[in-house]
Amino acid sequence: MDGWTGQFLRVDLTNRTHRVESFSEEFAHTWIGGRGFAAKILYDELAPGIDPLGPENKLVVAVGPISGIPAPNTGKTIVAAKSPATGGYGDGNLGTRMTDQLRKAGYDALIVEGRAASPTMLVVDDDRVEFLPADEVWGKGTIETNEWIYARYSKGAGVLNIGPGGENMVHFAVVRSLEGRSGGRPGMGAVMGSKLLKAIVVTGSKPIPQAFPARMKELGRDDLREVHRIDKEAGWSLQGTTGVLPWCNEVAALPVHNFRGTHHPDAWMVDGERVHAARVATYGCPNCTMRCGIAVLDDEGREAEVDYENIGLLGPNLDLYNLAEVGALNYLCDDYGLDTISAGGVLGFYADAVERGAAPGEPLFGDINAFKKVLGQIAHREGEIGNILADGTLPASRAFGHGSEAYAMQVKGLEISAYNCKFIPGMALAFGVSPIGAHHKESWIITYEVNQTPRESYGRDKAQKIVDLQRIRGGLFESIITCRFPWVEVGWGVEHYPIYFNTITGQDWKLEDFWPISDRIYAIIKLFWLREFPQTDRTADYVPDAWFDPSFADTEGPIAGRILERDKYDGLLQHYYDIRGYDTRGVPTRATLESLGLAAEAAAAEAYATLT
Amino acid sequence: MKVTLKLAGAFVHAAGFSHKELDVEPGTTIADILAALAIDRGRPMVIARNGHGVGTDEEVQAGDRILVSPVFSGG
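Not measured: the values here are computed from a predicted model. (Residues numbered from 1 in each chain as written. Chains lettered and ligands numbered in written order. Predicted model: local features only at pLDDT ≥ 70, side-chain atom pairs only at ≥ 80, totals over all residues. Heavy atoms only, no water.)

Undergrad: Could you give me a rundown of the interface of chain B and chain A, with the residues and numbers involved?
TA: The interface of chain B with chain A comprises 24 residues on the first partner and 30 residues on the second. Approximately 2100 Å² of surface area, both sides summed, lies buried where chain B meets chain A, with 54% of it carried by carbon and sulfur atoms. Counting the contacts that link chain B with chain A gives 2 salt bridges. E250(A) is paired through a salt bridge with K6(B); the nearest N and O atoms lie 3.6 Å apart. At the junction of chain B and chain A, the tally comes to 5 residue pairs in polar contact (both at pLDDT 80 or more). Contributions of two or more residues to the side of chain B that touches chain A are made by α1 (10–15), β3 (45–49), β4 (52–54) and β5 (65–70) of chain B. For the side of chain B that touches chain A, the class distribution of residues is 10 nonpolar, 11 polar and 3 charged. (Contact = heavy atoms within 4.5 Å. Buried area = accessible area lost by both parts, 1.4 Å probe. Salt bridge = Lys/Arg side-chain N within 4 Å of Asp/Glu carboxyl O. Polar contact = N/O pair within 3.5 Å; in protein donor to acceptor, adjacent residues only side chain to side chain. Helix = DSSP H or I, 4+ residues; strand = E, 2+ residues; numbered from the N terminus. Nonpolar A, V, L, I, M, F, W, Y, C, P; charged D, E, K, R; others polar.)

Undergrad: Lay out the sheet that holds strand β13 (residues 281–283) of chain A in plain terms, naming residues and giving numbers.
TA: By definition, the strands of a sheet pair up through backbone hydrogen bonds, in either a parallel or an antiparallel sense. Residues and elements named next belong to chain A. Across the sheet, which stays open at both edges, the 3 strands sit in the order β13-β14-β15 with antiparallel pairing between neighbours. Across the chains shown, the open sheet's two edge strands, defined by having one partner strand only, are β13 and β15 (303–306). Going from strand to strand, the sheet's axes swing by 35 degrees on average, the running direction of each strand aside. Contacts from helix α12 (residues 323–336) reach β14 (293–297) and β15 within the one sheet, and its direction differs from that of β15 by about 90 degrees. (Pairing = 2+ DSSP bridges. Axes fitted to C-alpha atoms, helices over the stretch in contact; angles between N-to-C directions.)

Undergrad: Pulling in residues and values, what's your account of the environment of V296(A)?
TA: Residues and elements named next belong to chain A. Tracing the sequence through the fold places V296 in strand β14. Looking at V296, the relative accessible area reads 1%, which means it is buried. Distance from V296 to G243, taken between C-alpha atoms, is 15 Å for residues 53 residues apart in sequence. (Buried < 20%, exposed > 50% of the residue type's maximum accessible area, 1.4 Å probe, protein only.)

Undergrad: Kindly report on unusual backbone geometry, identifying the contributing residues and their values.
TA: All names here are of chain A. The phi dihedral of D126 is positive, around 50 degrees, even though this residue is not glycine. Mapped onto the elements of the fold, D126 is located in the loop between β7 (120–125) and β8 (128–133). Residue classification places D126 among the buried residues on the basis of a relative accessible area of 14%. If you check the backbone angles, H402 has positive phi at about 55 degrees while not being a glycine. On the secondary structure map, H402 appears in the loop between α16 (393–400) and β16 (410–411). Owing to a relative accessible area of 66%, H402 belongs among the exposed residues under this scheme.

All quantities given are derived from atomic positions and should not be read as evidence of function.
Here's what the structure looks like:
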């Protein structure tokens with residue numbers, strides 16, 4: 001089966017056993033790989049209502065048909081599981097050598113089940129599987145753990161690991177790899193920690209099955225060079241994602257003071273120009289020629305990799321405008337193995353709750369040392385506050401009460417990325433309907449919306465744009481798998497990706513052939529959520545109350561007095577449902593499911609919910 | 001009349017500055033300013049005038065703050 005190894009490796013940590021399973025060509029063509037494989041496996045195999053941090057949950061590490069093949073930005077791997085942050089489907093991608101090593105070992109997915117009896121490092125070398133003790137690094141940060149692993153294996157090995165955040169099952173703990181790559185915002189690191197799985201190391205020696213390897217080698221080499229050339233010409237990687245900060249600040253879209261503000265006169269102190277000037281190293285994922293991992297020195301002289309999201313949320317969102325201090329929080333999050341976006345959201349929420357008298361504690365905004373201390377408490381679940389905040393903003397707001405849920409800036413339990421949408425309806429909806437909770441990766445329409453549409457519009461065109469982007473970014477890119485940046489940031493045409501796919505698989509697919517598969521993946525993720533929350537309704541796709549609250553509106557600046565309108569947001573949400581073929585609850589209709597080849601899943605869904 | 005021009009992202013490195021006070025004639029458009037500063041209009045860009053998205057044919061007014069940024073499409 002060209003393009004796929006045709007095999008999954010299933011590992012049981014409880015019994016220290018493993019087995020290799022085959023999958024069919026039909027399965028491959030139905031789900032492609034990556035997120036498609038992960039969503040299907042988790043939907044089929046997880047019983048509803050299981051504890052996401054119990055041994056019944058499964059961690060799926062999945063790659064896709066173009067993963068690891070030298071071509072533009074194919075170094076991504078998906079990590080997925082039932083999320084402890086949201087209780088629904090969770091996943092994320094990260095750049096890692098795991099991508100090509102897993103395929104070279106002969107697998108398109110690794111399914112990890114059960115719970116180890118003691119801290120364990122899972123080591124896979126082609127057909128050999130070992131369960132090695134990891135007590136020596138249990139409790140250590142991800143940076144030291146990586147070094148410990150690299151001392152035992154080559155730096156070419158595929159490595160995933162967790163830090164104290166994952167070990168202590170912080171709900172926004174991530175999986176880490178290489179020097180600065182993280183993935184799995186909705187607590188995929190916590191799932192590893194719940195299994196006492198400190199690290200996964202994979203090495204492989206087999207060729208990746210390809211239909212036309214010589215042609216692909218030439219194509220991939222030429223296109224990597226071309227993307228590099230375009231990036232150099234455009235200058236995107238001079239500042240990477242941090243280059244967008246001035247625009248977000250200018251158009252009032254920056255998170256400031258737990259999203260209460262949208263812009264700040266000191267924001268320039270942490271913008272892309274300052275990051276570029278402070279750069280001491282650059283990191284990138286495998287098979288990347290437009291590397292975006294810009295490292296600066298933090299306030300203790302350590303290399304801290306920064307990007308727009310983590311600067312926005314660990315900087316202005318906390319009233320911090322010193323790049324070295326923002327870098328320090330980034331460094332700590334990376335070493336603890338915590339998601340920087342959610343960490344910034346949680347810290348901002350807590351500081352806000354303290355300021356409003358809803359939570360105990362001393363004032364935090366603008367105080368780097370106070371934030372460092374709380375972050376450490378979260379990572380280790382130290383004390384009552386550390387333990388509460390380790391569950392994320394939504395559970396914390398319920399623990400604190402006093403109306404704090406209104407300004408817990410999250411959707412479905414996942415903290416909002418660094419775009420303040422108090423008056424950006426389409427981007428707000430993109431957060432609302434993201435299938436893993438509030439994440440920008442699925443559908444980033446904000447520049448389109450602010451520059452090419454009336455900002456105040458709630459028109460169907462915005463809902464259609466969200467669906468279009470979800471199909472490309474959340475469906476195509478997350479399943480074949482590749483990084484979205486060549487397409488989104490330097491204009492590398494999306495039409496290149498079917499060419500790669502066809503050259504590797506021997507198929508003759510057109511771009512539009514991927515859209516039903518993207519829709520199928522979104523639909524089965526919806527069914528996963530429905531099974532967990534059978535009484536769900538459209539309010540699950542709402543953004544925080546603060547964005548509808550006139551008292552939250554800016555008092556000055558370009559959007560002074562403006563705020564989202566609840567009834568119009570609801571209308572925009574309905575447009576999205578109509579385009580998707582979902583009912584008024586946001587559930588795919590039976591007809592939609594059947595049209596996507598999910599008739600059996602539709603029939604099964606009738607056991608736990610009503611389909612329309 | 002005076003306006004403030006701010007650049008972002010790669011435009012900073014291409015132009016060699018990130019913000020500049022400009023003295024322009026009434027009727028000047030953003031396109032005129034970009035042409036005068038030899039900023040390549042062929043590059044995809046987003047422009048904000050006092051925080052609101054506008055096109056390059058927008059006429060500037062005294063005291064305006066103009067931001068010119070490359071198009072970013074999503075971190």
